[in-house]
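One letter stands for each residue in the lines below.
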Amino acid sequence: MHTVSAALPRLTASPGPWSNAGAAYTAVAEDYPGDPGILAALLLNHVRLDAGEALYLGAGVPHAYLRGAGVEIMANSDNVLRCGLTDKHVDITQLADIVDCVPMGPAIMRPTPTGLAGESQFCSPTEEFVLSRLETGTGAVSVTDFGPQVLLCLVGHVRLTPGPPLSRGAAAFVPAGSPCEVTGAGAVLYRARVPLRAAP
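Below you will find a few notes about this structure. (Residues numbered from 1 in each chain as written. Predicted model: local features only at pLDDT ≥ 70, side-chain atom pairs only at ≥ 80, totals over all residues. Heavy atoms only, no water.)

Thoughts on the overall build of the protein
Scanning the protein from terminus to terminus reveals 4 helices and 12 strands. Scored against the burial criterion, the 200 residues of the protein give a buried share of 26%. In the protein, of all internal contacts separated by at least 6 residues, the share reaching a separation of at least 24 is 60%. Of the roughly 12800 Å² that the protein leaves accessible, carbon and sulfur atoms contribute 58%. With 12 positive and 17 negative side-chain charges, the protein shows a spacing of 7 Å between the two charge centroids. (Helix = DSSP H or I, 4+ residues; strand = E, 2+ residues; numbered from the N terminus. Buried < 20%, exposed > 50% of the residue type's maximum accessible area, 1.4 Å probe, protein only. Contact = heavy atoms within 4.5 Å. Areas by Shrake-Rupley, 256 points an atom, 1.4 Å probe, with all protein chains shown as cover. Lys, Arg positive; Asp, Glu negative; His and termini not counted. Charge placed at Lys NZ, Arg CZ, Asp CG, Glu CD.)

Things to note about the nonpolar core
Membership of the largest hydrophobic core comes to 14 residues, with the highest contact counts inside it found for V143, L151, L160, L166 and V182. Looking at this core, the elements with two or more residues in it are β7 (149–155), β8 (157–161) and β10 (171–174). Not counting residues up to four positions away in its chain, the partners in contact with V143 are L116, L134, Q149, L151, C180, V182 and R191. Among the nonpolar cores identified, the runner-up in size contains 8 residues, and L8, A21, A29 and L85 belong to it. (Core = buried A, V, L, I, M, F, W, Y, C linked by side-chain atoms within 4.5 Å.)

Looking at the sheet that holds β10
Overall, antiparallel pairing links the 6 strands, which are arranged β3-β4-β5-β12-β7-β10 in an open sheet. Two strands bound the open sheet, and with one partner strand each, they are β3 (112–113) and β10. Note that strand β5 (residues 130–135) and strand β12 (residues 188–193) share 6 bridges and pair antiparallel. Within β12, the position partnered with V130 by the bridge is R193. (Pairing = 2+ DSSP bridges.)

Note that every value here comes from positions in space, so none of it alone points to a role or purpose.
Okay, here's the thing in structure tokens:
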């Protein structure tokens, strides 16, 4: 581990395609000195997302979150296993059983408009949830849906009708089928919902 940690600053200092990744791994090695998870991190793609971009990762794909503000949504799961970079338990046997080691490049997703004013949706392959980004304008926006949903405010302030006001960092659960309007110009919300349809 010492040899790897010592080599990382040289990778960072060398101009080229690996310098940004080297800087990220150097920071990880400084945050978690001596942790063997640093070796696992070197097998991962280093990805920097701009505001409004997303990644979809399937089950069994190891991942780590380093810096910045991000919204993570996870499908139903019966386990969450750690690969390292933590003082919590790492179950190496279980990891070996479930980790997907097929190499792949990162597929960055950008949201596309949904037809609802100010809303754009991330088109992931999962059927369990839908994640969208809502930028509010001057009028009220109805977010009533057949399925349950969670609204997370990242920028500004909004009022839910019915419901509480939301400011940055606050979230609200909206039950399935409940009427809900969002009001508050200049805010950014993330909307996670279960894509249900009306009963026939």
